Amino acid sequence: MTDTPLTDIPLTTLDGNATTLGQLADGAVLVVNVASKCGLTPQYTALGQLATDYRDRGLTVIGVPCNQFMGQEPGTAEEIQEFCSTTYGVTFPLLEKTDVNGSGRHPLYEQLTKTPDADGEAGDIQWNFEKFLLAPGGKVARRFRPRTEPDAPEVISAIEEVLPR
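Since the structure is predicted, the reported quantities are computational estimates derived from the model, not experimental observations. (Residues numbered from 1 in each chain as written. Predicted model: local features only at pLDDT ≥ 70, side-chain atom pairs only at ≥ 80, totals over all residues. Heavy atoms only, no water.)

Asker: Just give me the short version of the nonpolar core, but keep the residues and values in it.
Answerer: If you look at the biggest cluster of nonpolar residues, it comprises 30 residues, and the most contacted ones within it are Leu30, Leu59, Val61, Phe92, Leu133 and Ile159. Going through the elements one at a time, strand S3 (28–34), helix H2 (43–54), strand S4 (59–65), helix H3 (77–88) and helix H5 (153–162) are the ones with two or more residues in this core. In terms of residue count, the dominant contributor to this core is H2 (five residues). Not counting residues up to four positions away in its chain, the partners in contact with Phe92 are Tyr44, Leu47, Gly48, Ala51, Val61, Ile62 and Gly63. Grouped together as the second largest cluster of nonpolar side chains are 20 residues, Leu11, Leu95, Leu108 and Leu134 included. (Core = buried A, V, L, I, M, F, W, Y, C linked by side-chain atoms within 4.5 Å. Buried < 20%, exposed > 50% of the residue type's maximum accessible area, 1.4 Å probe, protein only. Helix = DSSP H or I, 4+ residues; strand = E, 2+ residues; numbered from the N terminus. Contact = heavy atoms within 4.5 Å.)

Take a look at the structure:
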């Protein structure tokens, strides 16, 4: 059986609407599992800046709330949306709270976690704020581990390489 293209995997937005990556973005995509009560939560600032700076050039940042790492995303959809918009001014799309590891891993992450990082390691998400850069068309271009800041030179360089315009 072949894998469903990443752009066609059914997703649900934080406000409950059915969608796909293909519907959310027509260019490059940065998919990030996020959490509101994590030491890495301030990365929302840089993610928001990337979304703003590169939107016109074809990048969409998509946040995927996840509560699998020490319960650091305990809120309801409404609480998550309120926190993200009020505290960090997040305007990029957020998906529903999702499992990224384990037996209940979302099909999106079933495929994303097959991608190795810069050290050649694939597999489970290590923590909140792990990032996957998808080129236009949905092919995973790079995987960045949680402590790699969204505005790190290697992330910016990778984004520049895959931007459609």
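Having seen the model, we can carry on.
Asker: With reference to specific residues and values, describe H2.
Answerer: The end-to-end C-alpha distance of H2 is 16 Å, a good match for the 16 Å that 12 residues give at a rise of 1.5 Å each. Where H2 is buried, its residues contact S3, S4, H3, strand S5 (131–134) and H5. (Expected span 1.5 Å × (residues − 1).)

Asker: A description of the packing of aromatic side chains should follow, citing residues and the corresponding values.
Answerer: The full count for this structure, using the stated rule, is six aromatic pairs. Their ring planes at 25° and their centres at 6.4 Å tell us that Tyr44 and Phe92 sit as a pair that is stacked. Remark: Phe92 occurs in the loop between H3 and helix H4 (107–112) and Tyr44 occurs in helix H2; sequence separation between them is 48 residues. The exposure class of Tyr44 is buried, given its relative accessible area of 0%. By relative accessible area, Phe92 is classed as buried at 7%. For the pair Tyr109 and Phe132, a centre-to-centre distance of 6.2 Å together with 80° between the ring planes defines the contact as edge-to-face. Here Tyr109, found in helix H4, pairs with Phe132, found in strand S5; they are 23 residues apart in sequence, far enough to count as distant. One exposure class covers both Tyr109 and Phe132, and it is buried. (Phe/Tyr/Trp six-rings, centres within 6.5 Å; stacked < 30°, edge-to-face > 60°.)

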